[in-house]
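Below, each chain spelled out in residue letters.
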Amino acid sequence: MIETKAYAAQSPETDLAPWTFERRDVGAHDVQIEILFCGVCHSDLHQIRNEWFPGIFPMVPGHEIVGRITQVGDHVKKFKQGDLAGVGCMVDSCQVCYNCKDGLEQYCVEGNTQTYNNLGRDGVPTYGGYSNTIVVREEFVVSVPEKLDLAAVAPLLCAGITTYSPLKYWKVGQGHKLAVVGLGGLGHMGVKFGVAFGAEVTVLSTSPAKEADAKALGAHHFVVTSDEEQLKTVQGSFDFILDTVAADHNIPLYLSLLKTSGTHILVGAPPKPLEIPAFALIPGRMSVSGSTIGGIAETQEMLNFCAEHNIVSDIELINIQDINQAYERMVKGDVRYRFVIDIASL
Ligand code: NAP
Ligand code: ZN
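Residues numbered from 1 in each chain as written. Chains lettered and ligands numbered in written order. Predicted model: local features only at pLDDT ≥ 70, side-chain atom pairs only at ≥ 80, totals over all residues. Heavy atoms only, no water.

Draft legend 1. Quick peek at the coordination of the zinc ion (ligand 2). Donor atoms from the polypeptide that bind the zinc ion (ligand 2) are Cys41 (SG), His63 (NE2) and Cys158 (SG), placed at 2.0 to 2.2 Å. Donor residues for the zinc ion (ligand 2), ordered by position in the chain, follow C-x21-H-x94-C. Pair noted here: His63 is in the loop between helix H1 (42-48) and strand S4 (65-72) and Cys158 is in the loop between helix H3 (150-153) and helix H4 (159-169), with a separation of 95 residues, a long-range link. With relative accessibility at 4%, the residue His63 sits in the buried group. (Donors = N, O, S within 2.8 Å, 3.2 Å for Na, K, Ca; no water. Helix = DSSP H or I, 4+ residues; strand = E, 2+ residues; numbered from the N terminus. Buried < 20%, exposed > 50% of the residue type's maximum accessible area, 1.4 Å probe, protein only.)

Draft legend 2. How the structure looks around the pattern of salt bridges. Summed over the entire model, instances satisfying the criterion amount to 15 salt bridges. Put simply, Lys80 and Asp83 hold a salt bridge, and the shortest N to O gap is 2.9 Å. On the basis of relative accessible area, Lys80 is assigned to the exposed category, the value being 54%. A relative accessible area of 17% places Asp83 in the buried class. The salt bridge partner of Asp92 is Arg137, with a shortest N-O separation of 2.8 Å. You can see Asp92 sitting in strand S6 (residues 90-92) and its partner Arg137 sitting in strand S8 (residues 133-137), a full 45 residues away along the chain. (Salt bridge = Lys/Arg side-chain N within 4 Å of Asp/Glu carboxyl O.)

Draft legend 3. Broad picture of the packing of H4 against helix H9 (residues 296-309). Running from amino to carboxyl end, H4 crosses H9 at an angle of 100°, the nearest separation of the two axes being 10 Å. On the basis of their axis angle, the class for H4 and H9 is roughly perpendicular. Residues Gly160, Ile161, Tyr164, Ser165 and Lys168 of H4 pack against Glu298, Thr299, Glu301, Met302 and Phe305 of H9. Here the contact of H4 with H9 is composed, by residue class, of four nonpolar, three polar and three charged. (Axes fitted to C-alpha atoms, helices over the stretch in contact; angles between N-to-C directions. Parallel < 35°, antiparallel > 145°, perpendicular 65-115°, else oblique. Contact = heavy atoms within 4.5 Å. Nonpolar A, V, L, I, M, F, W, Y, C, P; charged D, E, K, R; others polar.)

Draft legend 4. A look at helix H5 (residues 185-196). Compared with the 16 Å implied by 1.5 Å per residue over 12 residues, the 17 Å span of H5 between its first and last C-alpha is a close match. Most of H5 is tucked away, with 10 of its 12 residues classed as buried. Of all the positions in H5, only Gly185, Leu186, Gly187, His188, Met189, Gly190, Val191, Lys192, Phe193 and Gly194 are classed as buried. Each element contacted by the buried residues of H5 is listed here: H4, strand S10 (177-181), strand S11 (200-205), strand S13 (238-243), H9 and strand S17 (338-342). A positive phi of about 95° marks Gly198, the residue just after H5. (Expected span 1.5 Å × (residues − 1).)

Draft legend 5. Highlighting the site of ligand 1. Ser205, Thr206, Ser207, Lys210 and Arg338 are the nearest of the 31 residues found near ligand 1. Side-chain polar atom of Thr206 to an oxygen atom of ligand 1: 2.6 Å apart, as the coordinates give it. Coverage of ligand 1 by the protein amounts to 89% of the 920 Å² it exposes when considered alone. Among the elements that take part in the shell around ligand 1, H1 stands out by supplying three residues, more than any other. Considering only residue class, the shell around ligand 1 consists of 12 nonpolar, 16 polar and three charged. Counting the residues that make up the shell around ligand 1, at least three belong to each of domain 1 (2-158 + 294-345) and domain 2 (160-290). (Near = heavy atom within 4 Å. Polar contact = N/O pair within 3.5 Å; in protein donor to acceptor, adjacent residues only side chain to side chain. Areas by Shrake-Rupley, 256 points an atom, 1.4 Å probe, with all protein chains shown as cover. Domains from an automatic or database assignment.)

Draft legend 6. Representation of the layout of surface pockets in the model. The calculated volume of the second largest pocket comes to roughly 380 Å³. Around the second largest pocket, the lining is made up of 21 residues, and of these Arg24, Asp122, Pro125, Thr126 and Val135 lie nearest the centre. For the lining of the second largest pocket, the secondary-structure elements that each account for two or more residues are strand S2 (16-23), S6 and S8. Here the residues of the lining of the second largest pocket are counted per class, giving nine nonpolar, four polar and eight charged. (1 Å grid on protein atoms, 1.4 Å probe; cavity = no way out; pocket = protein on both sides within 12 Å on 5 of 7 lines; lining within 4 Å. Points joined across faces, edges and corners; volume = space filled by probe spheres on them.)

Draft legend 7. Here's a closer look at empty space enclosed by the protein. Counted under the stated rule, the structure contains one cavity of 30 Å³ or more. Estimates place the volume of the largest cavity at around 90 Å³. Along the wall of the largest cavity there are 14 residues; nearest its centre are Gly88, Cys89, Leu157, Ile296 and Thr299. Of the residues assigned to the lining of the largest cavity, the class counts are nine nonpolar, five polar and no charged.

Shape descriptors only; they carry no functional weight alone.
In structure tokens, the structure reads:
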């Protein structure tokens, strides 16, 4: 077994604190990665606080993992010792269902195995990237391009792919008006990809102070959603809305900003069920849809796209000892625009 240093929550009521546990030895199809950086996703906070469902404790969060491969199993083909590698939100799936066969492991009909807060197919709880090392089967590891800033790459493994994948699926690009709701970790990546794909991008935000940043990220317009006059100017105007909000919010209000036949894409996952009156959908033939992360091949495609277009996340690098304060800031929407943990501080 591999002794692993980590930060864990012992219960939904406690802060994260140092914890040590053991990972499995490197199997024939596994790689071991020395974790260098791990992004901090709002999903980490939802899960340590049991906001979605009862979690498995102790919980080591973290699913935006980058590092260097230190060991490979005998049958590993894609990687060698010393390679840069990334791991996102899942570490296993059945590999044989129609979705897995289609490269949609995130929609595995048996359910994918999440990087943490899940039982692995061996029945052992999974533990995430707020730790110094991880062992993962090679099919769930992606290659990280050497030319990008490694700390700023980490958030691409969740925030990046979660916004890239739906924009690709719905073919959002030139000629489309795209609104991104919430300028946080996911939102700022949604802006970057929307702009890169050629869409006209508007940020819909609750934070007037983020306007300059939104424009610097490439957004063409910025609307403060608490300002009724500003909202009127975008009524019925968007083809797509990419909704990244983590908290309860007024979906019908956003639906009123769509064109006829427009699509509201939920990637944000507020714990409370959404309230959507039929008459917010019927008169305009609106669609409300959801999307989760992306498949492994698509995650690699996204990383390659980022290397080609020089896209990374805008980050605040923190020491792991500062994680609990970082969560407090995240809840307030005060992140510019993703916290990333320097695992060396562990
Ligand atoms: P984040 O960094 O906290 O960003 C969320 C943003 O939403 C905030 O910065 C804020 O932006 C806005 N916001 C916050 N409260 C709001 C409210 N009450 N009404 C309207 N807007 C509000 O979070 P994140 O890491 O990007 O994650 C966002 C959500 O996506 C979380 O629920 C997370 O669990 C989920 N997620 C889903 C997937 C998936 O596979 N679908 C993957 C990763 C994360 P402004 O200041 O601009 O308003
Ligand atoms: Zn995430």
